[in-house]
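# Residue-level structure breakdown
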Amino acid sequence: MRVLLIEDEPALREQLVSQLHAEGFAVDSTGSGVEGVYLGSEYPIDVAIVDLGLPDISGTEVIRQWREADRSFPVLILTARGRWEDKVSGLEIGADDYLVKPFHTEELIARLRALVRRSAGWAESKLRCGPIILDTAAKSASVENVPVEITAFEYKVLEHLMLHTGRVVSKTELSEHLYEDEADRDSNVLEVIVGRLRKKLDPDRDTHPIETVRGQGYRFRFQRTGEEN
Ligand code: CA
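Report on the accompanying structure. Values in this document were obtained by computation on a predicted structure and should not be read as measured data. (Residues numbered from 1 in each chain as written. Predicted model: local features only at pLDDT ≥ 70, side-chain atom pairs only at ≥ 80, totals over all residues. Heavy atoms only, no water.)

## Topic: the sheet that holds strand S10 (residues 168-169)
Strand order across the open sheet formed by 3 strands is S10-S12-S11, with antiparallel pairing between neighbours. At either end of the open sheet lies a strand with only one pairing partner, and these are S10 and strand S11 (210-213). Set on the sheet, helix H6 (residues 152-163) makes contact with S10, S11 and strand S12 (217-220); between it and S12 the angle comes to about 70°. Across the sheet, helix H8 (residues 187-201) touches S11 and S12, and the angle it forms with S11 is around 140°. (Pairing = 2+ DSSP bridges. Helix = DSSP H or I, 4+ residues; strand = E, 2+ residues; numbered from the N terminus. Contact = heavy atoms within 4.5 Å. Axes fitted to C-alpha atoms, helices over the stretch in contact; angles between N-to-C directions.)

Below is the structure:
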């Protein structure tokens, strides 16, 4: 999951970047609204965090420019305490959620995950596709209700494929959403991870949950199942 953070207080920005990294997000960050507009327009962002009080152009203006350019990823705004008018104008211009400073990072992260999930059309934190369930809160997976041990990186790959189940996901898309640095992207690593996931999710090789679409990428084969608990 790739997040764009626009926050002009360096200490807060650095702290959030390191906490988001620790939670497994790929992170692009800047303290400038103008640069933020650019990053959100050019990079494959899953979700953005936008501080409304920025030194060059306002966070509201950043969001307005994205929405005008049809950039529809979800946006969470950060506002200073007592500036409720900012919050309202941010939501009116197309932000999806907000947090008032100071906030707990755990809450920020839970909201980011929920925003990405909902924007992919999932109402619940458990993604259910055929026999496979991915619990995005516990970060765990199960097949036929039997827990499957997966690593943090395997989880990230599986989460992206399941969020977009039924659609072909190219290796480029997958790596762009998992790594912010181009230098870290290695399609051989992705192939190994997908191979491991296949063994874990389908040890008898009969359900084939992750299909290879020749020349295009991977597709999670199972459709979503009912979202009842
Ligand atoms: Ca600020």
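## Considerations on the side chain of serine 142
In this fold, serine 142 is placed in strand S8 (residues 140-143). What makes serine 142 buried here is its relative accessible area of 12%. Once residues within four sequence positions are removed from consideration, serine 142 is found in contact with Pro131, Ile132, Ile133, Pro147 and Val148. (Buried < 20%, exposed > 50% of the residue type's maximum accessible area, 1.4 Å probe, protein only.)

## A closer look at the nonpolar core
The biggest cluster of nonpolar side chains holds 50 residues, and the ones touching the most others in it are Ile49, Leu108, Leu112, Val157, Leu158 and Phe220. Of the residues forming this core, the biggest block, 7 residues, is contributed by H6. Setting aside its immediate chain neighbours within four residues, leucine 108 contacts Leu16, Ile49, Leu76, Leu78, Leu99 and Phe103. Val50, Leu54, Ile63 and Ala95 belong to the second-largest nonpolar core, a separate cluster that totals 16 residues. (Core = buried A, V, L, I, M, F, W, Y, C linked by side-chain atoms within 4.5 Å.)

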